[in-house]
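# Observations on the model geometry
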Amino acid sequence: MSKKGYWMAMIDVRDPEVYKHYIEANAVAFAKYGAKFIVRAGRHENPEQPTGNRHVVIEFESYDKAAECYHSPEYQHASKFRLAASTGHFVIVEGA
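What you are looking at is a predicted structure, and each value in this text was computed from that prediction instead of being measured.

### So, the overall build of the protein
Within the protein, the regular secondary structure consists of three helices and four strands. Reading the protein from its N end, one meets helices and strands in the order β-α-β-β-α-α-β. By principal-axis analysis of the C-alpha atoms, the protein measures approximately 40 × 30 × 15 Å. Each of the 96 residues in the protein was classed as buried or not, and the buried ones make up 32%. Pairs at least 24 apart in sequence give 77% of the contacts found in the protein among residues at least 6 apart. Computing the positive centroid from 12 side-chain charges and the negative centroid from 12, the protein places the two 3 Å apart.

### Some points on the pairing of strand S3 (residues 54-60)
Of all the seven residues making up S3, six are buried; the element is thus mostly covered by neighbouring parts of the structure. Looking at chain direction, strand S1 (residues 5-13) and S3 are connected through seven bridges and run antiparallel. Note that in S3 the partner of Tyr6 across the bridge is Glu59. In terms of strand pairing, strand S2 (residues 36-40) meets S3 through four bridges, oriented antiparallel. The partner of Val39 across the bridge, within S3, is Val57.

### What about the environment of Ser86?
With respect to the helices and strands, Ser86 occurs in strand S4 (residues 86-94). For Ser86, the contacting residues outside a window of four places in its chain are Ile11, Asp12, Val13, Arg14 and Tyr19. Engagement of the side chain of Ser86 in a polar contact is seen with the backbone oxygen of Arg82, the distance being 2.7 Å.

### Quick look at helix H1 (residues 16-32)
Residues spaced three or four apart along an α-helix face the same direction, because each turn holds 3.6 residues. Its 17 residues place the ends of H1 25 Å apart at the C-alpha level, agreeing with the 24 Å of an ideal helix rising 1.5 Å per residue. Along H1, the positions that sit buried rather than exposed are Tyr19, Tyr22, Ala25, Asn26, Ala29 and Phe30. Packing partners of the buried residues in H1 comprise S1, S2, S3, helix H2 (63-71), helix H3 (73-85) and S4.

### Things to note about the pattern of salt bridges
Considering all chains together, one arrives at four salt bridges under this definition. Among the salt bridges present, the one from Glu59 reaches Lys4, with a minimum N-O distance of 3.3 Å. Here Glu59, found in strand S3, pairs with Lys4, found in the segment before S1; they are 55 residues apart in sequence, far enough to count as distant. The partner of Lys20 in a salt bridge is Glu17, and the shortest N-O contact between them spans 3.2 Å. Pair noted here: Lys20 and Glu17 are both in helix H1, with a separation of three residues, about one helical turn.

Basis of the calculations
- Residues numbered from 1 in each chain as written.
- Predicted model: local features only at pLDDT ≥ 70, side-chain atom pairs only at ≥ 80, totals over all residues.
- Heavy atoms only, no water.
- Helix = DSSP H or I, 4+ residues; strand = E, 2+ residues; numbered from the N terminus.
- Buried < 20%, exposed > 50% of the residue type's maximum accessible area, 1.4 Å probe, protein only.
- Contact = heavy atoms within 4.5 Å.
- Lys, Arg positive; Asp, Glu negative; His and termini not counted.
- Charge placed at Lys NZ, Arg CZ, Asp CG, Glu CD.
- Pairing = 2+ DSSP bridges.
- Polar contact = N/O pair within 3.5 Å; in protein donor to acceptor, adjacent residues only side chain to side chain.
- Expected span 1.5 Å × (residues − 1).
- Salt bridge = Lys/Arg side-chain N within 4 Å of Asp/Glu carboxyl O.

Here it is as structure tokens:
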């Protein structure tokens, strides 16, 4: 049984209107690759240093599926909106 894969992102959204286009566009890739939101925005605090104003953890059935989703044409199209509207830290990791 393979370990699950995760996307983890701490994002600072500068342009909420453009970011809305990202949310709409990423749904195609997430549906195709079976993404499941574990954390999606929500209440947070930054006890040590600023981490952005939007935090996301997305689960995939495997690390390979997580990487495939990121590199897919569907997600690469969506990511153009994210990159235009925000800055942040983004990582794909294998679960425990």
